[in-house]
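# Chains, contacts and geometry: an overview
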Amino acid sequence: MLETLGLEYHYQHGKKIVFPEIEVKRGQRLLISGFSGCGKTTLLSLIAGALKLQAGDIKFDGINYSSMSSLLLDKFRADHIGYIFQTLNLIPFLSVSENIALGIRFSQSRKSKVNDLNQEITRLVKSLGLGKEVLTTPVNRLSVGQQQRVAVARALLGKPDLILADEPTSALDAETTKKFLNEMMDTFDSTKQAIIMVSHDTSITHYFDTVIDLNKQHA
Amino acid sequence: MLSLLLKSMRSRIIPTSLVTISLMASMVLLLSIERIQQGTEEGFNQSISGVDAIIGPRSSSLELVLYTVFHLGRPTNNITMKTVNDIKQRSDISWLVPIALGDSHRGFRVVATQSNYFEHIKYGNNQSLIFLNGVAFSELSEAVLGSDVAERLNYNVGSEIQITHGSVESIGSKHDDFSFKVTGILKKTGTPIDQAIFLDLKGYELLHLGWMSGKKVFSLDDIDLSSLPAGALDPKTVTSAFVGLKSKITLFKFTKSIREYSKEAISAVIPGIALSELWSIVGLVDKGFQLLSWIIIAISLIAMVTLIIASLDNRKQEMTIYRANGASPKFLAIMVICESLVIGLVAIIGAIILVTVVTYFATNQLNLALGISPSFKWISLEEIKVFGLILFAGVLSSLVPAVMVFRKNLHQTLS
């Protein structure tokens with residue numbers, strides 16, 4: 001489904017990172033680990049199409065990113081990719097269900113996969129271990145763990161092919177991380193979506209089919 | 001997009017409201033000045049019609065018009081009735097109505113004149129005065145009231161009134177030895193006529209029989225009015241005279257010949273010219289206010305752009321989430337432009353409502369202060385143009401933050 005070919009990135013301050021070749025199949029779970037500054041988020045941004053390719057290419061279902069304009073890349077991201085941030089995943093002035101609905105707001109193809117939006121949001125929220133009542137709770141009253149689950153629900157809405165998660169557990173304690181990942185992975189199992197997650201936490205490697213350590217790549 | 005935008009703006013309700021209010025207030029200021037100036041000009045211009053010239057003592061033409069037509073400003077000197085009668089004999093005169101001013105009744109000016117005043121003096125677009133109730137005076141003890149006088153003082157035909165010497169009521173200033181009976185009430189004209197009390201010149205002369213140098217010397221109760229010699233009540237002087245000419249072509253020739261009248265220092269003033277003199281003076285002040293209003297509008301627009309730019313940093317999370325979910329930079333830039341449009345439109349709607357309220361109160365104030373009742377439109381084409389210009393300037397200035405958003409790389413906000 002997704003493969004990277006000879007990706008390199010030159011930062012303005014002079015640092016250059018050569019990324020390993022990556023191949024991700026449907027339903028596959030890939031963890032990219034490494035210490036801070038090793039280029040994890042940069043790689044994720046390149047895959048998300050948020051960062052312009054400098055060298056190398058990314059193929060998604062046979063389509064080269066380099067052949068797409070930035071406008072097409074935005075549309076492509078809306079149609080095929082769900083994104084989970086490290087923190088501050090939710091828009092504070094929107095309700096939980098409005099935050100989740102943002103996942104399909106900019107994609108007609110993902111919208112077409114959802115018959116009843118409210119029903120689908122409720123289903124996703126429940127599958128991630130949250131009660132239905134959370135939908136009407138103000139976002140700022142949710143715990144960080146609950147907020148991350150809502151972010152996962154948004155990324156999953158409309159069944160995008162690939163979920164990108166940028167250290168979604170970094171703000172969670174060990175117990176909550178375990179519970180969160182269990183519920184997230186159970187949901188992925190049922191939807192057969194691929195996930196690329198970056199994390200420096202090596203204790204979570206067993207949740208993933210493949211682990212790429214960017215530190216070793218640089219070494 | 002609009003629902004997202006409105007929710008986002010609601011989350012920043014205080015700064016957004018303040019900027020909207022300041023923009024709205026500046027528009028209200030601009031439009032109110034414009035409307036009041038136009039309304040006053042229209043009201044003044046409509047206050048006198050059909051009068052070709054006003055003859056009065058030689059003084060400032062504007063002062064004469066303001067005092068005789070609008071009852072504003074300082075009293076002018078009088079002219080003798082002999083001069084007035086001389087002029088009346090001229091072949092180019094169609095009609096002449098003398099008036100004497102100076103007295104009042106409970107704050108309303110008294111206009112002593114002849115009954116042909118109601119026939120010749122017109123207002124608005126050459127509209128004749130109409131009696132709402134009753135008829136013009138025919139006796140020296142009769143009076144006609146303007147509509148506002150009758151309404152505010154609750155007078156009707158048959159009511160009796162006493163006149164005060166001068167324009168301010170004080171002890172001993174009342175002509176309490178003679179009463180006038182109201183015979184007619186004029187229909188509202190929206191001009192100073194509504195706030196005037198009309199008496200017969202002879203009745204006015206009678207009031208002042210026992211007065212010397214502004215003080216009552218003897219009471220009318222002490223004399224037998226029927227024993228007064230013929231012509232005793234013929235006025236000796238009047239304040240001015242309104243003149244209608246047989247042909248308007250002769251107007252400038254007429255005014256020139258009046259200036260050259262050798263027996264008394266008098267002048268003939270053309271009301272329209274005197275008023276245009278007034279507007280040229282007022283216009284300068286008005287232009288100054290307008291310039292100030294436009295500067296305030298510009299400051300408000302700068303404040304709006306500053307608010308949007310300042311909020312961009314706080315909205316980093318919001319923008320990043322939109323972008324990560326597939327929103328294009330164009331979408332976000334349009335959102336920023338729409339924000340300025342929403343602020344502009346809300347300010348415009350608020351300004352229209354507020355200007356209407358301000359205009360309503362201004363009309364009342366103009367009526368109270370100047371006796372004029374200008375008619376204001378709900379919204380004029382010129383005002384729509386002003387709104388359009390402000391909206392366009394708002395959108396144009398919002399391009400700055402819009403470009404900033406457009407050029408922002410998603411990766412910069414993700415990392």
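Residues numbered from 1 in each chain as written. Chains lettered and ligands numbered in written order. Predicted model: local features only at pLDDT ≥ 70, side-chain atom pairs only at ≥ 80, totals over all residues. Heavy atoms only, no water.

### Some points on the overall build of chain B
Scanning chain B from N- to C-terminus turns up 13 helices and 16 strands. Out of the 415 residues in chain B, the part that is buried amounts to 53%. Of the contacts made within chain B by residues no fewer than 6 positions apart, 79% connect residues no fewer than 24 positions apart. Accessible surface for chain B amounts to roughly 19400 Å². Of this, 61% is attributable to carbon and sulfur atoms. (Helix = DSSP H or I, 4+ residues; strand = E, 2+ residues; numbered from the N terminus. Buried < 20%, exposed > 50% of the residue type's maximum accessible area, 1.4 Å probe, protein only. Contact = heavy atoms within 4.5 Å. Areas by Shrake-Rupley, 256 points an atom, 1.4 Å probe, with all protein chains shown as cover.)

### Looking at the pattern of salt bridges
Evaluated as defined, the whole model comprises 21 salt bridges over all chains. Where Glu 167 of chain A meets Lys 40 of chain A, a salt bridge forms, and the shortest distance between an N and an O atom there is 3.6 Å. Remark: Lys 40 of chain A occurs in helix H1 (residues 40-48) and Glu 167 of chain A occurs in the loop between strand E8 (162-166) and helix H7 (174-191); sequence separation between them is 127 residues. You can call Glu 167 of chain A buried: its relative accessible area is 8%. Asp 79 of chain A is paired through a salt bridge with Lys 75 of chain A; the nearest N and O atoms lie 3.0 Å apart. One end of the pair is Asp 79 of chain A and the other is Lys 75 of chain A, both in helix H2 (residues 70-80) and four residues apart, which spans about a single turn. What emerges from the salt-bridge pattern is a single network uniting Asp 148, Arg 152, Lys 188 and Asp 194 of chain B. (Salt bridge = Lys/Arg side-chain N within 4 Å of Asp/Glu carboxyl O.)

### So, unusual backbone geometry
Negative phi characterises most residues that are not glycine, and trans characterises most peptide bonds. All names here are of chain B. Phi is positive for Arg 106, which is not a glycine, with a value near 45°. Among the structural elements, Arg 106 can be located in the loop between strand E3 (93-105) and strand E4 (108-113). Look at Asn 154: it is not a glycine, yet its phi comes out positive at around 55°. Within the secondary structure layout, Asn 154 lies in the loop between helix H6 (147-153) and strand E9 (160-164). Taking relative accessible area as the criterion, Asn 154 reaches 62% and is therefore assigned exposed.

### What about helix H6 (residues 144-156) of chain A?
Residue and element names in this part refer to chain A. In this model H6 runs 18 Å from its N-terminal to its C-terminal C-alpha over 13 residues, within 8% of the 18 Å that 1.5 Å per residue would give. For H6, a buried count of 11 out of 13 residues is recorded, marking the element as mostly surrounded by other parts of the structure. Three or more residues of H6 are buried, namely Gly 145, Gln 147, Gln 148, Arg 149, Val 150, Ala 151, Val 152, Ala 153, Arg 154, Ala 155 and Leu 156. Where H6 terminates, the next one or two residues include Gly 158, which has phi positive at roughly 80°. (Expected span 1.5 Å × (residues − 1).)

### Considering the packing of aromatic side chains
Residues and elements named next belong to chain A. Evaluated as defined, the whole model comprises 13 aromatic pairs over all chains. Arranged with centres 4.9 Å apart and planes meeting at 85°, the rings of Phe 60 and Phe 76 form a pair that is edge-to-face. Remark: Phe 76 occurs in helix H2 and Phe 60 occurs in strand E5 (residues 55-60); sequence separation between them is 16 residues. For the pair formed by Phe 60 and Phe 76, the shared burial category is buried. On the numbers, 5.7 Å between centres and 75° between planes, the contact of Tyr 65 with Phe 76 is edge-to-face. Placement of the pair is Tyr 65 in the loop between strand E6 (63-64) and H2 and Phe 76 in helix H2, with a sequence separation of 11 residues. (Phe/Tyr/Trp six-rings, centres within 6.5 Å; stacked < 30°, edge-to-face > 60°.)

### Observations concerning the side chain of Arg 110 of chain A
Residue and element names in this part refer to chain A. Tracing the backbone through its elements, the reader meets Arg 110 in helix H4 (residues 108-112). Asp 79 is the oppositely charged side chain nearest to the buried, salt-bridge-free Arg 110, at an N-O distance of 7.0 Å. Within the structure, the side chain of Arg 110 is placed 3.2 Å from the backbone oxygen of Ala 78, a separation counted as a polar contact. (Lys, Arg positive; Asp, Glu negative; His and termini not counted. Polar contact = N/O pair within 3.5 Å; in protein donor to acceptor, adjacent residues only side chain to side chain.)

### Points about the nonpolar core
Ranked by size, the top nonpolar core spans 81 residues in total, and within it Leu 2, Tyr 65, Leu 162, Leu 164 and Ile 196 of chain A together with Met 27 and Tyr 322 of chain B carry the most contacts. Here the element with the most residues in this core is helix H11 (residues 329-370) of chain B; it accounts for 14 residues. Residues contacting Met 27 of chain B, with those up to four places away along its chain left out, are Ile 297, Gly 344, Ala 347, Ile 348, Ala 351, Phe 387 and Ile 390 of chain B. Of all hydrophobic cores here, the second largest spans 42 residues; its members include Val 182, Ile 185, Leu 206 and Phe 254 of chain B. (Core = buried A, V, L, I, M, F, W, Y, C linked by side-chain atoms within 4.5 Å.)

### Some details on the packing of helix H2 (residues 13-46) of chain B against helix H12 (residues 381-407) of chain B
Residue and element names in this part refer to chain B. Interaxial distance between H2 and H12 falls to 12 Å at its minimum, and their mutual angle equals 155°. Accordingly, the angle class assigned to the pair H2 and H12 is roughly antiparallel. Here H2 runs over H12; the crossing is right-handed. On the side of H2, the interface is formed by Leu 23, Met 27, Leu 30, Leu 31 and Arg 35, while H12 contributes Glu 383, Val 386, Phe 387 and Ile 390. A breakdown of the residues in the contact of H2 with H12 according to their chemical character gives seven nonpolar, no polar and two charged. (Axes fitted to C-alpha atoms, helices over the stretch in contact; angles between N-to-C directions. Parallel < 35°, antiparallel > 145°, perpendicular 65-115°, else oblique. Left-handed = near helix turned anticlockwise from the far one by under 90°. Nonpolar A, V, L, I, M, F, W, Y, C, P; charged D, E, K, R; others polar.)

### Some words on a nonpolar patch on the surface
Residues and elements named next belong to chain B. On the surface, Ile 349, Ile 353, Leu 354, Val 357, Tyr 360 and Phe 361 cluster together to form a nonpolar patch covering roughly 590 Å² of accessible area. Along the chain, Val 357 falls in helix H11. Relative accessible area serves as the criterion here: at 38%, Val 357 is assigned to the partly exposed category. (Patch = residues over 30% accessible without salt bridge, like charges linked within 9 Å, V, L, I, M, F, W, Y side chains within 5 Å.)

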